[in-house]
There are 2 protein chains.
Amino acid sequence: MSSPTNPDPRARPASRADDPEPHPGFPVERSERIYDSIWCGLRRDVLRLPGGDLQDYHVVEITDAVVVVPRLADGRYVLIWQHRHPHGRSHWEVPAGRMHADEAPEAAALRELREETGYACGRLERLSGFFPVNGISDHYAHAFVAHDCELEGELQLDRAERITARVVAEQEVRERLLAGDFQDGFTALALFQHFARAHGIAGAEG
Amino acid sequence: MSSPTNPDPRARPASRADDPEPHPGFPVERSERIYDSIWCGLRRDVLRLPGGDLQDYHVVEITDAVVVVPRLADGRYVLIWQHRHPHGRSHWEVPAGRMHADEAPEAAALRELREETGYACGRLERLSGFFPVNGISDHYAHAFVAHDCELEGELQLDRAERITARVVAEQEVRERLLAGDFQDGFTALALFQHFARAHGIAGAEG
């Protein structure tokens, strides 16, 4: 298995010559801890605005995550039917989860794939990562395709996870993606990237 | 301007006949308020697991948001070069923001478009919405394309926003999208959806 390495996977691709200079941002006058836990943190930064006024800016602290598109050698995909407590519904996703302490993104991707689908991966391909909610958090998602997946065993779920895995034809994945059936943003964005990398973005100019 | 209506835009598309039954979820034994503010809330739900054990599940409460892809009649797009305090960098996005109280998604989309680009929209097209971080929040993003945009005036920014708008050729938007230059998940997912709707998902089976 190959694990592409990148010294700073959160870095932007190189700027273009005509990109503007970065905006300067606002000085942080002080920062207050609101909440700490092993699951998430919350802080309030007090920003100094031009002119001198202060403004609160809340930042949610969540460990970075991985999302993995599992693909079999025959071109089918593994989807998971998952219950999500925050909105109370079940829907189709691809495996995803937060990285453990000191865990590399690639290792986290393989672990989540194994736990949530029962499959092991032949080769990991890195997609572009993203900030899912960068208005309120610097939480970052590392995205991958797991190629040549092979069934290895049973799912290994946390006690608070409810997941069923299913192997699905590529055409059905594409149809669901276009229909908006993947309401989980991690899943939809990783799948769009995967198809665009494999085939380009459709259209006259693509 | 047409405003497509939908009685519950957060609803999933209709289930397929062979979708599994929804998972039952876990009973909420009790729920504790950790934090409340006009910006966000945080609560701890205590879930009753099978077997009787309890497990904490933290839920971040954020008002739903909109994201808008601004397209001109000549086929170019408006991007914004925005500073994001949580990660401290500037990058290219499309307009987005949270809905005001009692504000419809379409109205919020037009308002954010006007404030963050200076453009007004001829026709709104609804894309599929998404849950950006449904492992920790039921925060939902309504996505749109704003067609036939025309410049109306200056940007109208909140004091804690740093934004520069620029009109960009379609080819450059596509290149940046494929290169992973849109690290904001809202932006990348709305653009992928827009191009896929207009042209299909590329590839033999698309």
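Residues numbered from 1 in each chain as written. Chains lettered and ligands numbered in written order. Predicted model: local features only at pLDDT ≥ 70, side-chain atom pairs only at ≥ 80, totals over all residues.

Residue and element names in this part refer to chain B. On the basis of which strands lie adjacent, the open sheet formed by three strands has the order E1-E2-E3 and antiparallel pairing. Because the sheet does not close on itself, it has two edges, and the strands there are strand E1 (28-36) and strand E3 (54-61). For this sheet, the mean angle separating the axes of adjacent strands, direction not counted, is 20°. Bridge count between E1 and strand E2 (residues 41-48): seven bridges; the pairing is antiparallel. Within the sheet, the bridge partner assigned to Glu32 lies in E2 and is Arg44. (Pairing = 2+ DSSP bridges. Helix = DSSP H or I, 4+ residues; strand = E, 2+ residues; numbered from the N terminus. Axes fitted to C-alpha atoms, helices over the stretch in contact; angles between N-to-C directions.)

Turning our attention to helix H1 (residues 105-117) of chain A. All names here are of chain A. With 13 residues, H1 extends 18 Å from end C-alpha to end C-alpha; this agrees with the ideal 18 Å at 1.5 Å per step. Listed in full, the buried residues belonging to H1 are Pro105, Glu106, Ala108, Ala109, Leu110, Glu112, Leu113, Glu116 and Thr117. Positive backbone phi, approximately 85°, marks Gly118, located one or two places after H1. (Expected span 1.5 Å × (residues − 1). Buried ≥ 20, exposed ≤ 12 C-beta atoms within 10 Å, placed from the backbone.)

Moving on to the interface of chain B and chain A. Chain B puts 72 residues into the contact, and the matching count from chain A is 71 residues. Looking at the side of chain B that touches chain A, the elements that each hand over two or more residues are E1, E2, E3, strand E5 (77-84), strand E6 (89-93), helix H2 (170-179) and helix H3 (185-199) of chain B. Partitioning the side of chain B that touches chain A into residue classes produces 34 nonpolar, 25 polar and 13 charged. (Contact = placed C-beta atoms within 7 Å. Nonpolar A, V, L, I, M, F, W, Y, C, P; charged D, E, K, R; others polar.)

This part takes up the relation of the copies chain B and chain A. The two copies are related by a screw operation: chain B maps onto chain A through 180° of rotation and 0.0 Å of translation along the axis, at an RMSD of 0.0 Å. Expressed as a symmetry operation, the mapping of one chain copy onto the other fits a two-fold axis. Every residue of chain B has its C-alpha some distance from the rotation axis, and the shortest such distance is that of Ala202(B), at 2.2 Å. The residues that chain B uses at the interface reappear at the interface of chain A in 99% of cases, marking a shared surface. (Least-squares fit on C-alpha atoms with pLDDT ≥ 70 in both.)

Looking now at the domain arrangement of chain A. Examined at the domain level, chain A breaks down into domain 1 (28-61) and domain 2 (65-199). Centre-to-centre separation of domain 1 of chain A and domain 2 of chain A, based on C-alpha positions: 32 Å. (Domains from an automatic or database assignment.)

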